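Letter by letter, the chains look like this.
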Amino acid sequence: MKVKSLLFTAAAAIASMASAQDQYPEYQDYADGYEQDNLYENYAMKQQEKGGGGGNGIIKIGVSFGLSYVIGAKVHSSRIAKKMKAKHLKDQKALYTQYYNDVYKLEEQKADQQAIIEQLQAALQS
C-alpha cells in the first residue's frame, strides 16, 4: 500500500515538472529582436590563438608554496632555536655552578686533610 502511494507521488511530481517546463517560454521569446551575443566565443577563440590559458599558474602556486614553506620554517626554527638556546644556557649555568661548588668542597676537604696530616706529623715527631 505504501509502495503504491510512493510510486504515485513520484509519478505525479515528474508529471508536474514536465508540465511546468512547458509553461515557461525560451529566452528568445523575450529577446525582442536582440540576438544572443557571442562575446564568450570571441574570447575563447582569442585565448586559443594565444596558445592556451596561462599554463604557468601551477608553477606560480608551487613556487609561492615553496617560498612560504621556507620562510615559515625559518621563522619557526629560529623561535625553537632561541628557546633551546635559553634552555641550554640555563642547564649550562646549573652545571658550572655545581662544578664550582664541587671544586670548592674538594678544596675544603683537601685543606682539612692537609691540616690533619700536619697534626699527625707533628704528633709523630714529638
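Draft legend 1. Broad picture of the overall build of the chain. Helix and strand counts for the chain come out as 4 helices and 0 strands. The burial tally for the chain puts 1% of its 126 residues in the buried class.

Draft legend 2. Representation of helix 3 (residues 39-50). For helix 3, spanning 12 residues, the distance from its first C-alpha to its last is 17 Å, which sits close to the expected 16 Å at 1.5 Å a residue. Within helix 3, only 0 of the 12 residues are buried, which leaves it mostly out in the open.

Draft legend 3. Expanded view of the packing of aromatic side chains. Throughout the structure, instances matching the rule amount to 3 aromatic pairs. For the pair Tyr-40 and Tyr-43, a centre-to-centre distance of 6.4 Å together with 40° between the ring planes defines the contact as tilted. Linking Tyr-40 with Tyr-43, this pair stays in helix 3, spanning 3 residues, or about one helical turn. Given a relative accessible area of 65%, Tyr-40 falls into the exposed group. Taking relative accessible area as the criterion, Tyr-43 reaches 47% and is therefore assigned partly exposed.

Draft legend 4. Just the confidence of the model for the chain, in detail. Residues at a pLDDT of 70 or more form 81% of the chain, whose mean pLDDT is 84. Mean pLDDT per element in the chain: helix 2 (residues 27-30) is the minimum at 65, and helix 4 (residues 57-125) is the maximum at 94.

Draft legend 5. Quick peek at a nonpolar patch on the surface. Nonpolar side chains collect at one region of the surface, where Ile-58, Ile-59, Ile-61, Val-63, Leu-67, Ile-71 and Val-75 lie side by side and expose about 700 Å² of accessible area between them. Relative to the helices and strands, Leu-67 resides in helix 4.

Reading the values: rules and limits
- Residues numbered from 1 in each chain as written.
- Predicted model: local features only at pLDDT ≥ 70, side-chain atom pairs only at ≥ 80, totals over all residues.
- Heavy atoms only, no water.
- Helix = DSSP H or I, 4+ residues; strand = E, 2+ residues; numbered from the N terminus.
- Buried < 20%, exposed > 50% of the residue type's maximum accessible area, 1.4 Å probe, protein only.
- Expected span 1.5 Å × (residues − 1).
- Phe/Tyr/Trp six-rings, centres within 6.5 Å; stacked < 30°, edge-to-face > 60°.
- pLDDT = per-residue confidence, 0-100.
- Patch = residues over 30% accessible without salt bridge, like charges linked within 9 Å, V, L, I, M, F, W, Y side chains within 5 Å.
- Areas by Shrake-Rupley, 256 points an atom, 1.4 Å probe, with all protein chains shown as cover.
- Salt bridge = Lys/Arg side-chain N within 4 Å of Asp/Glu carboxyl O.

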